[in-house]
Amino acid sequence: MSAAPLHDSPAWQRLQTHRQTWEGMTLRQLFQEDPQRASHFSVEACGIYLDYSKHLLRRESLNLLLDLARSRDLESRRDAMFAGEKINHSEGRAAFHAALRAPKGTVMRTDGVDVVPEVHRVLDHMAEFTEAIHSETWRGATGKPIRQIVNIGIGGSYLGPEMAWKALRAYRHPQMQLYFVANVDGATLSDVTAHLDPAETLFIISSKTFTTLETMTNAHAARQWLVDALGEEAVARHFVAVSTNTEAVKAFGMDTEHMFGFWDWVGGRYSMDSAIGLSTMLGVGVQHFQVMLAGFHAMDLHFQNAPLEKNLPVLLGLLSIWYNNFWGAQTQAILPYAYDLARFPAYLQQLQMESNGKSVNEAGQWLSVDTGPIIWGEPGTDGQHSFYQLIHQGTRLIPCDFIGFCHPLSDSAEQHELLMANLIAQAEALAFGKTADELRSEGVAEAQIPFRTFAGNRPSSVLLMDALSPHSLGTLVALYEHSVFTQGIIWGIDSFDQWGVELGKVLAQRIVSDLQGKTRHHHDGSTATLLERYLRRRGH
């Protein structure tokens, strides 16, 4: 990688110069110049058809972005990740999540050790446990079968499994219900347990260290709820752990034979296909979970082997760089036209913003360019009646990813056609807008024209798949994982640490001690005033 600051590199400078040529250019002109633009700016792989023709992009733009990627050694850095090298520099670890979905017999080494056999040992353990629950050979303390699963975790220990449970609604095991508790607000756990029978409930405590404050607070509250109903001896039949802390798991009262581990080279936000996905496997079954892993692996192979100009994650990553750094776009909207992908934008929020929300490069030097666009979104068509107004006619440029499926999950083909018509129409409207002359030709009153004109030139990608399935979900998640990696390599940052999560957690520990009267730390005037007011209102 070049030692020059990124903004001074020749590839970056060429892109800045090229960006200046775009003044006054419109997507209408680009489509008029090239009637085959849709086919020239589209790629298909792993069951995903990507139409990126509605972007503010010419062939020269794309070539310059690809030159930037090569100048940042994207291909060799990608190969280093798949080779198990310690690319997470600040923590001295590999980022080896691709090994989680490698088929048996694949050799993937980090620190000289082939990790795939151990990965499959854990997957086999998960499968055995899942089959025991589903076959009712594992029962609760009273002899009742397990029907409700509560996943207690936070961040990557919860967002992925929750997203997958909702996304794979059509593939759920008919006798399983999953619930998710992350927020340390006690109302969350109370709301979930209000609907549950303790004798039929299994809690999965997902915490690698078994010390995460929010997770363990909820875990102990859940334990008390169960003990109050069934007694201490019931804990081992109603709690299992996804953790590596054997002593803490044992002290909690669980059987460590039913502890499911994972590894330091798995980041939380990259862990939904590890043992963190135990709740997902319990929810949809072993076979569907394995098919999801195959989808992940298919995209891994594509990212490794496809040329950059036809590489889906590379293209999405470079488009994000293009708008974030050369058009001043601060956000990116993720707009799935699928009810079952309701939690996908939130999942990508963590994936992107925790990975690339950094202000120093891998060498610890302050960056001179923006990183980490703000990710947000809601399913269509809900969003059309709330925030699309700003995307269409607001003053900010907001690139959009529209995600749609050709085949419905519902029984109504007519409703699905209406849904997909809206997706395609929104992408068309954003790109081409509506001019004042077009409005006049339709007889719109002159006084109304300023309010009803759409400028267009609002960029979007359309990602089209046949159906939402375990396989397509795996490919979709891996697509965005590798897109995030691509962006991080361009910016020269470590996409796999998350030190920004730590400070607030450390200060919260101090403040809770103050609130409980155990300590009296010194705080700034605002914090001290808030503490005083809170304690006074609580009657302390």
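Because the structure is a prediction, the values reported are computed rather than measured.

### Some points on the overall build of the protein chain
Turning to step 1, where the next piece is worked out: Summing up its helical and strand segments, the protein chain has 22 helices and 13 strands in all.
Turning to step 2, where the next piece is worked out: Relative to the 2.2 N^0.38 estimate, which gives 24 Å for 540 residues, the radius of gyration of the protein chain is 25 Å and therefore close to what a compact globule would have.
Turning to step 3, where the next piece is worked out: Viewed in the frame of its principal axes, the protein chain has a C-alpha envelope of about 75 × 60 × 55 Å.
Turning to step 4, where the next piece is worked out: For the protein chain, buried positions account for 53% of its 540 residues.
Turning to step 5, where the next piece is worked out: Within the protein chain, residue pairs in contact and separated by at least 24 positions form 74% of the contacts whose partners lie at least 6 positions apart.
Turning to step 6, where the next piece is worked out: Total accessible area computed for the protein chain in this model is approximately 23,500 Å², and 51% of it derives from carbon and sulfur atoms.
Turning to step 7, where the next piece is worked out: For the protein chain, the distance from the average site of its 44 positive side-chain charges to the average site of its 59 negative ones is 4 Å.

### Overview of the packing of aromatic side chains
Turning to step 1, where the next piece is worked out: If you walk through the whole model with that rule in mind, you get 24 aromatic pairs.
Turning to step 2, where the next piece is worked out: Ring geometry for Phe344 versus Tyr347: centroids 6.4 Å apart, planes at 20 degrees, classification stacked. Placement of both Phe344 and Tyr347 in helix α15 (residues 344–356) is noted, with a separation of 3 residues, approximately one turn of the helix.
Turning to step 3, where the next piece is worked out: Between the aromatic rings of Phe387 and Tyr388, the centroid separation amounts to 5.4 Å while the plane-to-plane angle is 45 degrees, which identifies the pairing as tilted. Each of the two residues, Phe387 as well as Tyr388, counts as buried.
Turning to step 4, where the next piece is worked out: The side chain of Arg78 reaches across the aromatic face of Phe303, ending 5.9 Å from its centre.
Turning to step 5, where the next piece is worked out: Cation over ring: Arg237 sits above Trp138, and NZ or CZ is 4.0 Å from the ring centre.

### Comments concerning the sheet that holds strand β5 (residues 148–152)
Turning to step 1, where the next piece is worked out: The strand order across the open sheet formed by 5 strands is β6-β5-β7-β8-β9, and the pairing between neighbours is parallel. One side of each edge strand has no neighbouring strand; the edge strands of this open sheet are β6 (177–181) and β9 (259–260).
Turning to step 2, where the next piece is worked out: Against the sheet, helix α8 (residues 186–193) contacts β5, β6 and β7 (201–206), and its axis sits at roughly 165 degrees relative to β6.

### Focus: the sheet that holds strand β13 (residues 460–465)
Two modes of strand pairing occur in sheets, parallel and antiparallel, and in both the strands are linked by backbone hydrogen bonds.
Turning to step 1, where the next piece is worked out: The strand order across the open sheet formed by 6 strands is β1-β2-β13-β12-β10-β11, and the pairing between neighbours is mixed. The sheet is open, and its two borders are formed by β1 (42–45) and β11 (374–376), each paired with just one other strand. Strand-to-strand twist in this sheet, taken as the mean axis angle between neighbours without regard to direction, amounts to 15 degrees.
Turning to step 2, where the next piece is worked out: One ladder, built from 4 bridges, connects β1 with strand β2 (residues 48–51); its direction is antiparallel. Considered in β2, the bridge of Val43 is made with Leu50.
Turning to step 3, where the next piece is worked out: The strands touched by α15 are β10 (331–336), β11 and β12 (400–405); relative to β11, the strand with the most contacts, the crossing angle is about 165 degrees.

### Some thoughts on helix α7 (residues 159–167)
Turning to step 1, where the next piece is worked out: Judged by how many residues are buried, α7 sits mostly within the fold: 8 of 9 residues are covered.
Turning to step 2, where the next piece is worked out: Each element contacted by the buried residues of α7 is listed here: β6, α12 (278–284), α15 and α20 (470–491).

### Here we look at the domain arrangement of the protein chain
Turning to step 1, where the next piece is worked out: The domains assigned to the protein chain are domain 1 (53–83 + 306–491), domain 2 (97–289) and domain 3 (501–538).
Turning to step 2, where the next piece is worked out: Computed from C-alpha coordinates alone, the two centres of domain 2 and domain 3 are separated by 33 Å.

### Quick notes on the UniProt feature "active site" (unreviewed entry) in the protein chain
Turning to step 1, where the next piece is worked out: Per the UniProt annotation, the sites labelled "active site" (unreviewed entry) are Glu354, His385 and Lys505. Considering the C-alpha atoms alone, the annotated residues occupy 152 residues of sequence and remain spread out, their largest mutual distance being 37.0 Å.
Turning to step 2, where the next piece is worked out: With respect to the element layout, Glu354 can be found in helix α15.
Turning to step 3, where the next piece is worked out: In this structure, Glu354 is in contact with Arg269, Gln349, Asp497, Gln498 and Val501, ignoring residues within four places of it in sequence.
Turning to step 4, where the next piece is worked out: Within the structure, Glu354 has its side chain in polar contact with the side chain of Arg269 (distance 2.9 Å).
Turning to step 5, where the next piece is worked out: Here His385 shows up in the loop between β11 and α16 (388–393).

### Quick look at the pairing of β2
Turning to step 1, where the next piece is worked out: The hairpin formed by β1 and β2 contains 2 residues between the paired strands, and Cys46 there has a positive phi angle of roughly 55 degrees.
Turning to step 2, where the next piece is worked out: With 3 bridges connecting them, β2 and β13 associate as antiparallel partners. For Tyr49, the partnering residue across the bridge sits in β13 and is Leu464.

### Concerning the pairing of β7
Turning to step 1, where the next piece is worked out: Burial analysis of β7 places 6 of its 6 residues in the buried class, which makes it a mostly covered element.
Turning to step 2, where the next piece is worked out: Alternating positions in β7 separate into two faces, Thr201, Phe203 and Ile205 on one and Leu202, Ile204 and Ser206 on the other, with burial throughout.
Turning to step 3, where the next piece is worked out: Of the pairings in the sheet, the one linking β5 to β7 comprises 5 bridges and is parallel in character. Each residue of the ladder has a partner; that of Ile152, found in β7, is Ile205.

### Concerning the nonpolar core
Turning to step 1, where the next piece is worked out: The biggest cluster of nonpolar side chains holds 126 residues, and the ones touching the most others in it are Trp265, Leu341, Phe344, Ile403, Leu476 and Tyr480.
Turning to step 2, where the next piece is worked out: Examining the composition of this core, we find that 11 residues originate from one element, α20, more than from any other.
Turning to step 3, where the next piece is worked out: Mapping this core onto the domain boundaries places at least three of its residues in each of domain 1 (53–83 + 306–491) and domain 2 (97–289).
Turning to step 4, where the next piece is worked out: Setting aside residues no more than four positions away along its own chain, Tyr480 makes contact with Leu316, Ile334, Phe344, Leu348, Leu351, Asp401, Ile403 and Leu463.
Turning to step 5, where the next piece is worked out: Listed in part, the 22 residues of the second largest apolar core include Leu189, Leu226, Val235 and Val249.

### Considerations on the environment of Phe387
Turning to step 1, where the next piece is worked out: Relative to the assigned elements, Phe387 resides in the loop between β11 and α16.
Turning to step 2, where the next piece is worked out: Of the residues examined, Phe387 reaches a relative accessible area of 16% and is grouped as buried.
Turning to step 3, where the next piece is worked out: Sequence-wise, Phe387 and Gly377 are 10 residues apart; in three dimensions their C-alpha atoms are separated by 9.1 Å.
Turning to step 4, where the next piece is worked out: When near neighbours in sequence (up to four residues on either side) are disregarded, Phe387 contacts Leu335, Trp376, Gly377 and Glu378.

Procedures and definitions
Residues numbered from 1 in each chain as written. Predicted model: local features only at pLDDT ≥ 70, side-chain atom pairs only at ≥ 80, totals over all residues. Heavy atoms only, no water. Helix = DSSP H or I, 4+ residues; strand = E, 2+ residues; numbered from the N terminus. Rg over C-alpha atoms; globule rule 2.2 N^0.38 Å. Buried < 20%, exposed > 50% of the residue type's maximum accessible area, 1.4 Å probe, protein only. Contact = heavy atoms within 4.5 Å. Areas by Shrake-Rupley, 256 points an atom, 1.4 Å probe, with all protein chains shown as cover. Lys, Arg positive; Asp, Glu negative; His and termini not counted. Charge placed at Lys NZ, Arg CZ, Asp CG, Glu CD. Phe/Tyr/Trp six-rings, centres within 6.5 Å; stacked < 30°, edge-to-face > 60°. Lys NZ or Arg CZ within 6 Å of the ring centre and 35° of its normal. Pairing = 2+ DSSP bridges. Axes fitted to C-alpha atoms, helices over the stretch in contact; angles between N-to-C directions. Domains from an automatic or database assignment. UniProt positions renumbered as here; feature names shortened; annotations may be inferred. Polar contact = N/O pair within 3.5 Å; in protein donor to acceptor, adjacent residues only side chain to side chain. Core = buried A, V, L, I, M, F, W, Y, C linked by side-chain atoms within 4.5 Å.

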